[in-house]
Amino acid sequence: MSNRLKAKLRKIEKMGKSELLGVIDVGASAIRLVIAEKKEKKDYIILESLSQPNRLGTDTFLDGKISAESAWATVKILKKFKRALKDYKVTQFRLVATSAVREAANRDYFIDYIYQNTGLKIQVIEGEEECQFIFLSIRNKMLDANIDISEPSLLLDLGTGTARIIFIKDGKMLFTQSLKLGSLRLREILQDIDVQSSEFHKVLRAFIQADIELIRKVSPFPKISRFIVTGVAMGDILQVLEPDLLQKNVTKVETNWFYNILDSFKSTSQEQFIEKFNVSVDKADVLVPTIIIYRHFIEIFNPDEIVIPKSSLAEGVILNEFAPLENFDEHIIASAIEYAKKFGCEESHAQHVMLLCESIFTQTRSLHGLDKSYLIILKAAALLHDIGHYVNDQAHHKHTQYLIYASSIIGLTTSQLAQIAVIARNHRRYDVSIPLWQFPELASADKNVLTKLIAILRIANALDRSHTRRVSSLKIKLDKDHHQVIFKVRINKSIPLEKWAFKHNMELFSKIFYVDCILREERILNE
């Protein structure tokens, strides 16, 4: 045990009982360990930060699977980090992996091999969860620096395996897209082209331009006032050219400053770069495509300012454990609304159905017995139930299903998206269809839960069948034996269409809860 570690441990012991958390991030180019101590007021300090190179991405992005050599190297590093966790007496830790493991064809064998040889269980985090951690990390740093996070901003988190774009407005994540534009991935793909040649720059720019244009076709970006740049490579760039800036948690620079700093790389050959800045060949291989990617994104979006927060995925995981984002459901709803807008949904109808769903869910808990975690699933399904009209009015419910399942709504896992897709598909008065064979994420046990949520959505949608929000609110009354459910609706206009739709859509609710459904109206004057 080093003297530095002994001094840290003595300090922790003097402070009395403390809460420590360790996070190991198995990335595409390195494995990182961060150990943090929780402080008061939802704050924390980093006690230890270690990093070891291990290019799993080279295997996955070129060969599609992780090699034995990389697996052996991973075990060696993880055993070293496990000893560090033990030295710090850390009992709470998370071991996470991102794109290099997530995309490997032999990921299950790799995960099992790591467990058998280290006793550590790798959690492969999905892209949307990764996005949440990244946002938590940069939001924390920007708020600490008193930077307004309500500005329309585009966040580019550039890793060695993946580039993740997050559109932020009013402090909420509205849209995210994962692109296979990581610096290591592209360097491996284009390894047969000289990195200093004009052809390399042209091909790399074409990669970036093609992906951005695909995004713009589905989700046109408004004017971006701020460009937020994160990623390990950005830290390496500053380390080489502007080491003083690394002392700051957040750096704000003008666009021209960023162009100049990137141009200083561009005019240097790889050999000169290695000699001048005393970096390894491996690091140079990653940094050069990184510089080109950053520059092209800035040219395309032309932001007013650029913000560089010193953040990391590991710190996002720590924040999620110590101080999770309050009201994260608001981000999910905002993202779902944005997604519905892309497909020309009638926003007022979608949001009204969502509110009706929430009211029915809350007032009928004694019938369905579902916990609150299912409410966000139901609300998202309500917002998105009509997006299939964008493809075709005929059988639009089927188009709704695959559009939702293919979406990247903030904060939702693949399993949650599958549930939402199935619920939204079944919002119409037909036999319930829950095709488990289409959704391997769903288990047969989910069928009962999904059917309950479908029943609620059908009634909520029926109560705004005319899309005119004539039902302003509703109160639900159950008799003492739970044999009869009275939906007492407050209306501002007559509701002949809603009454017809209620009659034809209450059958599922009645069937699964063994109740009679009755609709009663209460007219509101002068509304």
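Our subject is the structure that appears above.
Here is a short report on the structure shown in this document. None of the values given here were measured: they were computed from a predicted structure.

The rules behind each value
Residues numbered from 1 in each chain as written. Predicted model: local features only at pLDDT ≥ 70, side-chain atom pairs only at ≥ 80, totals over all residues. Heavy atoms only, no water. Helix = DSSP H or I, 4+ residues; strand = E, 2+ residues; numbered from the N terminus. Buried < 20%, exposed > 50% of the residue type's maximum accessible area, 1.4 Å probe, protein only. Contact = heavy atoms within 4.5 Å. Areas by Shrake-Rupley, 256 points an atom, 1.4 Å probe, with all protein chains shown as cover. Polar contact = N/O pair within 3.5 Å; in protein donor to acceptor, adjacent residues only side chain to side chain. Pairing = 2+ DSSP bridges. Phe/Tyr/Trp six-rings, centres within 6.5 Å; stacked < 30°, edge-to-face > 60°.

Moving on to the overall build of the protein chain. Along the protein chain, the regular secondary structure elements total 22 helices and 14 strands. The buried share of the protein chain, taken over its 527 residues, is 55%. Pairs at least 24 apart in sequence give 70% of the contacts found in the protein chain among residues at least 6 apart. Accessible surface for the protein chain amounts to roughly 24,600 Å². Of this, 48% is attributable to carbon and sulfur atoms.

Mapping arginine 458 onto the fold places it in helix 20 (residues 446–462). Along the chain, arginine 458 and valine 353 lie 105 residues apart, while their C-alpha atoms are 9.5 Å from each other. Setting aside anything within four residues of it in sequence, one finds arginine 458 in contact with Asn426, His427, Arg428, Arg429, Tyr430, Asp431, Val432, Asn505 and Leu508. Within the local environment of arginine 458, its side chain forms a polar contact with the backbone oxygen of asparagine 426, the two atoms lying 2.8 Å apart.

Glancing now at the sheet that holds strand 5 (residues 123–124). Read from one edge of the open sheet, five strands run 3-2-1-4-5, paired in mixed fashion. With partners counted over all chains shown, the strands left at the sheet margins are strand 3 (44–53) and strand 5, one partner each. Bridging between strand 1 (residues 20–26) and strand 2 (residues 30–38) involves seven bridges; their strand directions are antiparallel. Within the sheet, the bridge partner assigned to valine 26 lies in strand 2 and is isoleucine 31.

Let's shift gears to unusual backbone geometry. With glycine set apart, most residues show a phi of negative sign, and most peptide bonds adopt trans. The phi torsion at aspartate 170 lies on the positive side, around 55°, for a residue other than glycine. Of note, aspartate 170 is situated in the loop between strand 7 (163–169) and strand 8 (172–179). With relative accessibility at 52%, the residue aspartate 170 sits in the exposed group. The phi angle at tyrosine 514 is positive, at roughly 55°, despite the residue not being glycine. Residue placement: tyrosine 514 occurs in the loop between helix 22 (507–513) and strand 14 (516–523). For tyrosine 514, a relative accessible area of 71% gives the class exposed.

This structure, assessed with the given rule, holds seven aromatic pairs. A centroid spacing of 5.0 Å and a plane angle of 75° characterise the contact between phenylalanine 343 and tyrosine 390, whose relative ring orientation is edge-to-face. Note that phenylalanine 343 is positioned in the loop between helix 14 (328–342) and helix 15 (347–363) and tyrosine 390 in the loop between helix 17 (373–384) and helix 18 (396–405), a separation of 47 residues in sequence. Measuring from ring centre to ring centre gives 5.4 Å for phenylalanine 487 and phenylalanine 502, while their planes differ by 70°; the resulting arrangement is edge-to-face. With phenylalanine 487 in strand 13 (residues 484–491) and phenylalanine 502 in helix 21 (residues 496–505), this pair connects stretches of sequence that are 15 residues apart. For the pair formed by phenylalanine 487 and phenylalanine 502, the shared burial category is buried. An aromatic cluster of at least three residues, connected via ring pairs, comprises Phe487, Phe502, Phe509 and Phe513.

Without other data, these values stay purely geometric and don't point to any function.
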